[in-house]
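If you want the building blocks of each chain, they are given just below.
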Amino acid sequence: MGQRIVLSFVPDISDRKRAEEALRIAKRVPLGLDNMADVITVMDMNLRFTYVSPSIMHMRGYTAEEAAAQTLEQVMTA
């Protein structure tokens, strides 16, 4: 009797922090990369694409958005 109990809940925000970091890195990609003929990709630590240059269309026939949505396994086996 007379004891106090403190209960606290701390949400796990590590996924959000990783996404924020990937976005921060993607924003550092120089704008000139969008006009290069070379294909440039940026991946996060989980091997997910965070940036694919538009020149991917000439190489693989996918838009940058479609290519970025693919997994590494899909890219390597296509």
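Model, not experiment: these values are computed from the prediction.

Take the confidence of the model for the chain next. Predicted confidence across the chain gives a mean pLDDT of 85, with 91% of residues reaching 70 or more. The weakest mean pLDDT in the chain belongs to helix 1 (residues 14–27) at 83; the strongest belongs to helix 3 (residues 64–69) at 92.

Turning our eyes to something else, we now look at the pattern of salt bridges. Tallying each qualifying case throughout the model produces five salt bridges. Across the pair E20 and R16 runs a salt bridge whose closest N-O atoms are separated by 3.2 Å. Of this pair, E20 and R16 both sit in helix 1, separated by four residues, roughly a single helical turn. Using a relative accessible area of 38% as the deciding quantity, one classes E20 as partly exposed. For E21, the salt bridge is made with R24, and the minimal N-O distance between the two is 2.5 Å. Here E21 pairs with R24, and both are found in helix 1, just three residues apart, close to one helical turn. Here E21 falls in the partly exposed class, since its relative accessible area comes to 34%. The partly exposed category is assigned to R24, whose relative accessible area is 41%. One salt-bridge network, held together by shared partners, links R16, K17 and E20.

Cut-off values and rules
- Residues numbered from 1 in each chain as written.
- Predicted model: local features only at pLDDT ≥ 70, side-chain atom pairs only at ≥ 80, totals over all residues.
- Heavy atoms only, no water.
- pLDDT = per-residue confidence, 0-100.
- Helix = DSSP H or I, 4+ residues; strand = E, 2+ residues; numbered from the N terminus.
- Salt bridge = Lys/Arg side-chain N within 4 Å of Asp/Glu carboxyl O.
- Buried < 20%, exposed > 50% of the residue type's maximum accessible area, 1.4 Å probe, protein only.

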